[in-house]
Amino acid sequence: MAPKPPEPPDADLIRRTMMGEAAAYGALYDRYIDQIYRYVYARVASRDDAEDMTEEVFLKTWESLVNSRPTITNFQAWLYRTAHNLVIDHYRTHKATHSLDQVPALNDDKPLPERAVLDQLDNTRLVRAIQNLEPNLQQVIICRFINGLSHAETAQVLDTNENNTRIMQYRALKKLRKFLEMDLD
Amino acid sequence: MKDDIAHIIAENLDAIEHGRITLEEAIARYPEYRDELLELLPLALAIRDLPAVSPRSSFRYAARGRILREISARQQRPQGGRLKRVFQFTFPQFLLRPAFSLAVILVLLVATLSAGTVYAAGGALPGDALYPVKTATEEVRLTLSDDQADAALYLQFADERLEEINRLAARGRYEDLAIAAQRLDSQMESAASLLDLYEAEASDQYAQIDRLYEELEFTYVLLAALEDNLPEPAQYGINLAMQASSKGQAKIAELFPNNFPPGPPGGVPPGQSGDTPVGPPEGKPEGPQGVGPQKTPGPPVNPGQGQGQDKDKDKDKPESPGGPSQGNTPGPPEGAGPPEDVDPGPPDDRGRPEDTSTNPSGNQPAGGKP
């Protein structure tokens, strides 16, 4: 079987998108849909909202690309920041607060494997604790541990430096630990 | 102190993540921070081990189709941005959803356009005054049908784009080819995504797909023959149309590998194009159960048979964290921009100060600011 050709870099797809090639934007969508969806879902805790907002992230980003023609040094970070802004707007508009009991686990729609009922309970507590963090600490945890971004990539998403990212990561883990202990009590 | 432990946590997590040390070794390295490391490192690893969530396949493909359709539609109506912003301030969000917007277009079409206009628009070509009416009518039809029916519609519209390309080429209107080519590309992508999603139903469209495959091939060969004799400005549209045709063929070959084996673009090697512009490529084998890509085949007993090994059956499987783009930190799109003779987007929408959602400064992404 012939090796798969290398995927074009983001910059090339962005340039072609700006020239009006819809398929190039389709390729960017395919590349980032999973991680943007995961990011939004981890923050809004609703599959329907996450789907609506993920779609909106990609539409708004396309609008920005063709209308404002920005110089984008990191498309991934750009998408995350668009997603973050929409999440903030979402909470501002809906003024929704999720109590610990309303927040589903990240894997809420997956069939439970035989042995994992107890693990599932732990996961649920963990996810609820993450969703009770302040937005910026939540972002660090989701970028670093759920989407597997490096410190450098996370720093770009948060528009800060790597040093701050490490400190925020520490603060987030400390708070999570505290939430989990309170939940146990 | 806080900085120290923050860096120690980060450093050890990286080392564990890359398999350089174990959790126990990390804790043993810093006995003075033992308690904190014991609390926080396993917690970080537990978050990393949370089951990954992936979007539903139906959402993934439907949203992709909607986004690309919306992009094509907006590229066809460059003045739409201003009107939409007025609506954004006036109506609740649900009124702006694509389905509702297009339903409104339908009502407006019925109310304002005579049946004769819509009929006349059916023969319009890109660049004609009535072409936007034709594409708007297509959008309405897509909105009013479900995803499965959309696959057949996309195939039908792709067929129409090929017809347009052929007519434009025959009239020497090469500058308008790019519009038809981009719509062809987008509509083939959407059709392929939906056929892939509803593969059981794809057999219903087999005859349509077979005919389209041949027309894609014919168009490619026709354009290839024209390409060398045209001035450079005309070649831009020709090239886009050729790319869209060969990509369309490749998409079909990917979906039905037994019936449409991948081959050279256009299915005919360069240099032989004048001999057999129409018809199945020489190398096409018989399909499963003897159903092959004859000129007008009936539906195969199971046209999708044999594709199982090649297709990705694990779309719903969670991917590894980070997705396929890990470590992808591209540089700025230096020089990124269209050629000077290509209008990349609606000029009225660019840099409008009141449009906060489209980020006129270019320094912040779209979406509201916190």
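Draft legend 1. Quick look at the overall build of chain B. In terms of regular secondary structure, chain B is built from 13 helices and zero strands. Out of the 370 residues in chain B, the part that is buried amounts to 47%. On chain B, roughly 17,800 Å² of surface is accessible, and the fraction owed to carbon and sulfur atoms is 55%.

Draft legend 2. Layout of the side chain of A:Arg31. Residues and elements named next belong to chain A. Secondary-structure assignment places Arg 31 in helix 2 (residues 22–44). Among the residues examined, Arg 31 registers a relative accessible area of 7% and is labelled buried. Within the local environment of Arg 31, its side chain forms a polar contact with the backbone oxygen of Pro 8, the two atoms lying 2.6 Å apart. Among the polar contacts listed, one links the side chain of Arg 31 to the side chain of Asp 10, at a separation of 2.5 Å.

Draft legend 3. Fine view of the nonpolar core. Grouped together as the largest cluster of nonpolar side chains are 82 residues, with contacts concentrated most on A:Leu173 and B:Ile47. Tallying contributions element by element places helix 2 of chain A first for this core, with 14 residues. Of the residues that make up this core, three or more belong to each of domain 1 (8–98) and domain 2 (111–185) of chain A. A:Leu173 has contacts with A:Ile141, A:Phe145, B:Ile9, B:Leu13, B:Leu40, B:Leu43, B:Ala44 and B:Ile47, leaving out every residue within four places of it along the chain. The next biggest cluster of nonpolar side chains, apart from the first, holds 42 residues, and it includes B:Ala151, B:Ile165, B:Leu195 and B:Phe256.

Draft legend 4. Structural context of the packing of aromatic side chains. Within this structure, the stated rule accounts for five aromatic pairs over all chains. Considering the side-chain rings of A:Tyr32 and A:Phe75, the 5.7 Å spacing of their centres and the 55 degrees angle between planes classify their relative orientation as tilted. Highlighted residues: A:Tyr32 in helix 2 and A:Phe75 in helix 4 (residues 75–94), separated in sequence by 43 residues. Of the two residues, A:Tyr32 and A:Phe75, neither departs from the other in class, the shared state being buried. Ring geometry for A:Tyr39 versus A:Tyr80: centroids 5.1 Å apart, planes at 85 degrees, classification edge-to-face. Taken together, the residues A:Tyr39 in helix 2 and A:Tyr80 in helix 4 connect sequence positions 41 residues apart. Neither residue differs from the other here; A:Tyr39 and A:Tyr80 are each classed as buried. One aromatic cluster is present, formed by A:Tyr37, A:Tyr41 and B:Phe59 through successive ring pairs. The residue whose ring lies beneath A:Arg47 is A:Tyr41, and the NZ or CZ to ring-centre distance is 5.5 Å.

Draft legend 5. Region of interest: the packing of helix 6 (residues 135–146) of chain A against helix 3 (residues 34–48) of chain B. Contact geometry for helix 6 of chain A and helix 3 of chain B: axes closest at 8 Å, N-to-C directions at 70 degrees. On the basis of the axis angle, helix 6 of chain A is roughly perpendicular to helix 3 of chain B. Contact residues: helix 6 of chain A offers A:Ile141, A:Arg144, A:Phe145 and A:Ile146, while helix 3 of chain B offers B:Ala44, B:Ile47 and B:Arg48. Looking at the contact of helix 6 of chain A with helix 3 of chain B residue by residue, the class counts come to five nonpolar, no polar and two charged.

Draft legend 6. Region of the structure containing unusual backbone geometry. Residue and element names in this part refer to chain A. We note that Ala 45 has phi near 60 degrees; this positive angle belongs to a residue other than glycine. Note that Ala 45 resides in the loop between helix 2 and helix 3 (47–67). Here Asp 159, not a glycine, exhibits a phi torsion of approximately 55 degrees, which is positive. In this structure, Asp 159 sits in the loop between helix 7 (151–158) and helix 8 (162–184).

Draft legend 7. Representation of the environment of B:Ala241. Residues and elements named next belong to chain B. Following the sequence through the fold, Ala 241 ends up in helix 13 (residues 232–255). The exposure class assigned to Ala 241 is buried, which follows from its relative accessible area of 0%. With 59 residues separating them in the primary sequence, Ala 241 and Gln 182 have C-alpha atoms 7.7 Å apart. For Ala 241, the contacting residues outside a window of four places in its chain are Ile 165, Ala 181 and Leu 223.

Draft legend 8. Looking closely at the pattern of salt bridges. Inspection of the entire model under this criterion finds 29 salt bridges over all chains. Close ionic contact of A:Glu51 with B:Arg56 constitutes a salt bridge, the shortest N to O distance being 2.7 Å. With one member in each of two chains, A:Glu51 in helix 3 and B:Arg56 in the loop between helix 3 and helix 4 (57–76) form a pair that bridges those chains. Note on A:Glu51: relative accessible area 9%, which makes it buried. You can call B:Arg56 partly exposed: its relative accessible area is 34%.

Draft legend 9. Layout of the packing of helix 6 of chain A against helix 7 of chain A. Residue and element names in this part refer to chain A. At a minimum axis distance of 10 Å, the contact between helix 6 and helix 7 shows a crossing angle of 145 degrees. The interaxial crossing formed by helix 6 with helix 7 has right-handed handedness. Listed contacts from helix 7 to Asn 136, Gln 139, Val 140, Cys 143 and Arg 144 of helix 6 are His 151, Thr 154, Val 157 and Leu 158. A class-by-class count of the residues in the contact of helix 6 with helix 7 yields four nonpolar, four polar and one charged.

Draft legend 10. Geometry of the confidence of the model for chain A. Chain-level statistics for chain A give a pLDDT mean of 81 and a share of 81% at 70 or above. In the model, residues 96–118 of chain A has pLDDT below 50 throughout and makes 37 contacts with residues more than four positions away in sequence or in other chains.

The rules behind the values
Residues numbered from 1 in each chain as written. Chains lettered and ligands numbered in written order. Predicted model: local features only at pLDDT ≥ 70, side-chain atom pairs only at ≥ 80, totals over all residues. Heavy atoms only, no water. Helix = DSSP H or I, 4+ residues; strand = E, 2+ residues; numbered from the N terminus. Buried < 20%, exposed > 50% of the residue type's maximum accessible area, 1.4 Å probe, protein only. Areas by Shrake-Rupley, 256 points an atom, 1.4 Å probe, with all protein chains shown as cover. Polar contact = N/O pair within 3.5 Å; in protein donor to acceptor, adjacent residues only side chain to side chain. Core = buried A, V, L, I, M, F, W, Y, C linked by side-chain atoms within 4.5 Å. Domains from an automatic or database assignment. Contact = heavy atoms within 4.5 Å. Phe/Tyr/Trp six-rings, centres within 6.5 Å; stacked < 30°, edge-to-face > 60°. Lys NZ or Arg CZ within 6 Å of the ring centre and 35° of its normal. Axes fitted to C-alpha atoms, helices over the stretch in contact; angles between N-to-C directions. Parallel < 35°, antiparallel > 145°, perpendicular 65-115°, else oblique. Nonpolar A, V, L, I, M, F, W, Y, C, P; charged D, E, K, R; others polar. Salt bridge = Lys/Arg side-chain N within 4 Å of Asp/Glu carboxyl O. Left-handed = near helix turned anticlockwise from the far one by under 90°. pLDDT = per-residue confidence, 0-100.

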